[in-house]
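# Structural overview
Chain by chain, the residues run as shown.
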Amino acid sequence: ENDVLILVHLTVILISEGKMHEAKFFLSRILVTLEARVDKVSFLLSENERKAITSRIDSKLVSLWIEDLMVKVFYGEFRITPASTIDLFSFFSNMYQWLTDKELSGRFIFDLGQALYEGGRPKIGRMMMELGFETSDPGSEGFVSIEVVKMRLSLDYPMVPESLLEVVVSYLNMTKYLSDTAHSYTRIDVENVVDVYWPLPLMGWSGLPMQPVLREFMWRFDTNQFQRKDAVSQLWLRNASMPALEVTKKRSRCEKGQKGPVVKVGLLGGHLNNHPVGRAVLHRILQMSGSGKSRRKSDDTFDEVDVAVDTECGEDGLRRMISFTLLAFPLVVSAVTGLISTGADRVVNLPADSHQAWRLIESLHLDIVLFPDWQPFPDQQSVLFQSTRIAPVQICFFVRGTPCVGDKIDYYLLPIELQDSYLGAVPAAEAKATVQIIHSETPIHIRSNNSSANTTNSRSSRFNRSIRPAWMELLPDLQLLLIDWPVMTRSTIQAVAASSISEQQDKVFSPLDIEGQVFFDGQPVALLPVFPSQLHPLMDEVLFKIMRTVPALHLVLVLPDCYFTHTTDYKNKISWARKLVRRLWMKGGNLYHRIRLLPTLLNDDRLMQMLRQADMVLDTFPIGSSFYFHSLALSVGTPVITMASGARLSTPLHDLKEVRTHLLHYKQHLQGNPLSQYITHFDIPWLPCVSSISGFYESVGLSEFFVANSTAVYSELAANLALDREFSYGLRVRVLDAVDSKQDSVDEGVKFGSESLQKWEGQEDLYRALLSLGRPWAQQRDQEVQQQQQYQQQINQVKSKSNQPSKSQKLKKQSP
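Here the structure is a predicted model, which is why all the values come from computation and not from measurement. (Residues numbered from 1 in each chain as written. Predicted model: local features only at pLDDT ≥ 70, side-chain atom pairs only at ≥ 80, totals over all residues. Heavy atoms only, no water.)

## Some words on the overall build of the chain
How we decide: Helix numbering and strand numbering both begin at the N terminus, where a helix is a DSSP run of H or I of at least 4 residues and a strand a DSSP run of E of at least 2. Residue exposure (1.4 Å probe, protein chains only): buried if accessible area is under 20% of the type maximum, exposed if over 50%, otherwise partly exposed. Should any heavy atoms of two residues lie within 4.5 Å, those residues are counted as being in contact. Every accessible area reported is derived by Shrake-Rupley at a probe size of 1.4 Å, with residue values counting cover from the shown protein chains alone.
If you tally the helices and strands in the chain, you get 34 helices and 22 strands. Scored against the burial criterion, the 816 residues of the chain give a buried share of 55%. Residue pairs at least 24 apart in sequence account for 81% of intrachain contacts in the chain once pairs closer than 6 positions are excluded. Taken as a whole, the chain presents about 36000 Å² of accessible surface, with 51% of it coming from carbon and sulfur.

See below:
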């Protein structure tokens, strides 16, 4: 009865279960015990300290304290020290008073549950969120708050799914909510989307067609509060239509003295640091940005191109025609942030206030805005700006292979090596639809059936597709740009490795520093450097098959620290990784002792040491891991086993049976749901696989050893590396040769034809595509600005003339 720790634990459990009256009883026992302790030290307290004990504390501080208390209790981190006794008494007394005045309910208890859910306690967090929704009062909390809570519960997706059934059930719950409310919802301001943002980036890992779900969800938000009102914006808003992409393989000719408006390109994101998103921006967009920009006289126009007449526009000429502006959310800076800032022309830090950020973006008059297709939490503002028109051309570019959340995106920019991952899920809502693929000399531009773009100069071919309903569309209302923009090249791998080397190179990482010895002689090790949500349940049986084929193989899961840059206390977040490894232990049977999780986050130095000693890296599927980790692995010769882009997956029979049994049990509840009907007759419609490394393997002739087109081949390739160590060593040598080779492959030699372009191989076509899309708008903007300047000059001249005295006034002044 006097054990405060036990009493606190019981109180927190009762609060989380909604049993407030029982919680008040145990809370009173806590106060009695703490009061006795305070009495013993009361003679040491000053008068001000005595008053502070019984004073009321602001409700915001109490709510934050309760949230922190619950998290600590559930993680076994709550402690009582003599120094904290007085503060605990003060807070617990305020908490008791709070329960007396108004029981914990409504939005407050919902927010507590969401904090626990996001902190790695999904079951009890979900229970508290549902309790908060059930006890909400629309009269006191407002209609908007109730709608936000309802959306958050209905659009929930697990951070780490326990099974394929949980993935499917989450999808069914989302689609049922959206279909039930399709004709009865009331639109709310788009700013409220930040309160339901947390699960949205997780949906991309599901492997299911989530884009139609997100698109239907975004229709529930009103963006009228963010409207462009300046004259330049009104010009392109009146003429808003997506321009035809005209890029030729023939290198552009630059005439001496050529001038024109610079195409202003914005890059919007909150993870512009040592994160896969930041690495994609640095190595795949801004790698060649260091030159050219310093030779531009201003950010609005590029001056004379300093080349001979009728010579080819190289890196310098293209770079001077584009101005990059980084639109950065509040981020945790790193060395990569500095490199990104160096490659950009301007860095604009967006304020947390949405309206201030909007006014700042509006003043930039951008022609193109680029959004990464993965903007993880806490980039809540990203979905707000993706759902508004902030530039004439808005493009979502490839980082992980899932389209952007917003509904104001015009194009999805995808490397041509990943075209199979798209062609396997081409949108074709109409009966007997066909998809037209436009082959220009450089890019492939896939247009929707209603596109009116001019294609007279292009060769086209048609691919007949079976009927695909709208709910299975991958990119509804988007145009896909497939350009020659390799995800990984030799220069990219070398640049990633060079930028990841720490200054303290004399410190050699030893796995003993973390969790005992990891590597043993004769014991192969396969690494999985992943974010916990990335390991799909579809991979579980494949991993177990590999381990059963190779009895000595150990599977080690590691967590790169770049995924947790925005987390102040990663202990709560790492609990999701523990949930992941427990899933593998439970499903793997007697394999649990060969599946390990390193309980500490690894920086790049430590990760590279691990990769150097590992036998292989296993890429995730259906959504592959980032090119960044693959580049680190290949730079030290460690092969990566991956699924081919476009490979189709089938559901294991026992999992499919479990899903169908669930659907049969809830048949009445799910009546009319398209996915439920589809699974009843066919397999689960998993999206085609996306791999960021398969294109590189194909370019260097190693795809037969490391790229699989089915799960059976994936297991076989991994087992071959683990069983035949001599064969594995030979492949490591070939990987190092492919990465370190100074000579271009045959394809690259044809593609570039000169050493000057090797350092930014693959980015030339990206820049030409941006110029083709942005130049018409830049010219309109330039003309409008010139007209405004002329108009302002005329006004100033009229004002100056009106201020000048007339001749009669001058004579009067001169006369006595």
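There is more to say after this.
## A short note on the packing of aromatic side chains
The test is simple: Two rings belonging to Phe, Tyr or Trp (six-membered ring only in the last case) form a pair when the distance between their centres is within 6.5 Å. Interplanar angles under 30 degrees mark stacking, angles over 60 mark edge-to-face geometry, and anything in between is tilted. As a reminder, the over-ring test applies to NZ of lysine and CZ of arginine, requiring each to be within 6 Å of the ring centre and within 35 degrees of the ring normal.
One pass over the structure, following the stated rule, counts 17 aromatic pairs. Between the aromatic rings of F531 and F564, the centroid separation amounts to 6.3 Å while the plane-to-plane angle is 45°, which identifies the pairing as tilted. Within this pair, whereas F531 is found in the loop between β17 (525-529) and α21 (540-549), its partner F564 is found in the loop between β18 (554-558) and α22 (570-573), the two being separated by 33 residues in sequence. Note on accessibility: F531 and F564 belong to one class, buried. Members of the aromatic cluster, connected to one another through ring pairs, are W205, W374, F531, Y563, F564, Y628 and F629. Sitting above the plane of the Y117 ring, R152 keeps its charged end 5.5 Å from the centroid. Against the face of W485 rests R284, its NZ or CZ located 3.9 Å from the ring centre.

## A look at helix α16 (residues 354-362)
For clarity, the cut-off: Think of it as the arc spanned by the lines of direction from the helix axis to the C-beta atoms. Polar contacts, as counted here, are pairs of nitrogen or oxygen atoms within 3.5 Å of one another; within protein the pair requires one atom able to donate a hydrogen and one able to accept it, and residues that are adjacent in sequence qualify only if both atoms are side-chain atoms.
Within the sequence span of α16, burial applies to S354, A357, W358, I361 and E362. One side of α16 carries all its buried residues, which in axial view fall inside an arc of 135°. In this fold, the buried residues of α16 make contact with β5 (263-269) and α17 (380-386). At the N-terminal end of α16, a side-chain oxygen is found 3.2 Å from the backbone nitrogen of H355, two or three residues along, and the residue is D353.

## Structural notes on the confidence of the model for the chain
Detailed conclusions should not be drawn from predicted coordinates in areas where pLDDT is low. What counts is decided by this rule: What pLDDT conveys is the predictor's confidence in a given residue, as a value from 0 to 100.
Averaged over all residues, the pLDDT of the chain equals 76, while 75% of them reach at least 70. Contacts from residues 301-312, a stretch scored under 50 in pLDDT, to residues over four places away or in other chains number 40 contacts. Here residues 427-467 scores under 50 on pLDDT; set against residues more than four positions off or in separate chains, the count is 90 contacts.

## A word on the nonpolar core
Keep this limit in mind: In these notes, a set of buried Ala, Val, Leu, Ile, Met, Phe, Trp, Tyr and Cys residues joined through side-chain atoms within 4.5 Å is what counts as a nonpolar core.
Counting 198 residues, the largest nonpolar core has F217, L268, F324, F385, L618, L634 and Y714 as its most contacted members. By residue number, the principal contributor to this core is helix α10 (residues 164-180), which donates nine residues. Excluding anything up to four places from it in sequence, L634 contacts M488, I493, P639, V640, I693, F696, Y697, V735, L736 and V739. Among the nonpolar cores identified, the runner-up in size contains 38 residues, and W65, M70, V73 and I109 belong to it.

## A few points about the environment of R279
Locating R279 in the fold gives a position in helix α13 (residues 276-284). Assessed through its relative accessible area of 1%, R279 is described here as buried. Separated by 120 residues in the primary sequence, R279 and V399 place their C-alpha atoms 9.5 Å from one another. Setting aside chain neighbours within four positions, we find R279 in contact with N273, N274, R284, V336, V496, S499, S500, D604, F627 and Y628.

## A look at the side chain of T337
For T337, the position within the fold is in helix α15 (residues 335-343). Once you skip the residues sitting within four places of it in the chain, T337 turns out to touch L272, N273, L331 and V332.

## A closer look at the sheet that holds strand β22 (residues 707-708)
Going by this rule: Following DSSP output, two strands are said to pair if at least two bridges run between them. What counts as an axis is a line fitted to C-alpha atoms, over the stretch in contact for a helix, and the angles between N-to-C directions run from 0 to 180 degrees.
In spatial order, the strands read β19-β18-β17-β20-β21-β22; together these six strands make up an open sheet with parallel pairing. Across the chains shown, the open sheet's two edge strands, defined by having one partner strand only, are β19 (595-597) and β22. Both strand β20 (residues 616-618) and strand β21 (residues 640-643) contribute to a ladder of two bridges, which runs parallel. Within β21, the position partnered with V617 by the bridge is V640. Lying on the sheet, helix α30 (residues 711-723) is in contact with β20, β21 and β22; it crosses β21 at an angle near 170°.

## Looking at unusual backbone geometry
Residue F621 is joined to P622 through a cis peptide bond whose omega torsion reads 10°. Mapped onto the fold, P622 is located in the loop between β20 and α25 (627-635). Of note, H365 is a non-glycine position whose phi angle comes to about 55°, a positive value. Along the chain, H365 turns up in the loop between α16 and β10 (368-372).

## Here we look at the pairing of strand β8 (residues 322-328)
Within β8, seven of the seven residues are buried, which leaves the element mostly enclosed by the surrounding structure. Residue alternation in β8 divides its side chains into two sets, I322, F324, L326 and A328 and S323, T325 and L327, and both sets are buried. Sheet topology places β5 next to β8; seven bridges connect them, and they run parallel. The residue of β8 that forms the bridge with L268 is L327. Here four bridges tie β8 to strand β9 (residues 346-349), and the two strands are oriented parallel to one another.

## Things to note about the pairing of strand β16 (residues 479-483)
Here is the key point about a regular strand: its side chains alternate between the two faces of the sheet. Of all five residues in β16, five are buried; the element is thus mostly enclosed. Of the two faces of β16, the one holding Q479, L481 and I483 and the one holding L480 and L482 are both buried throughout.

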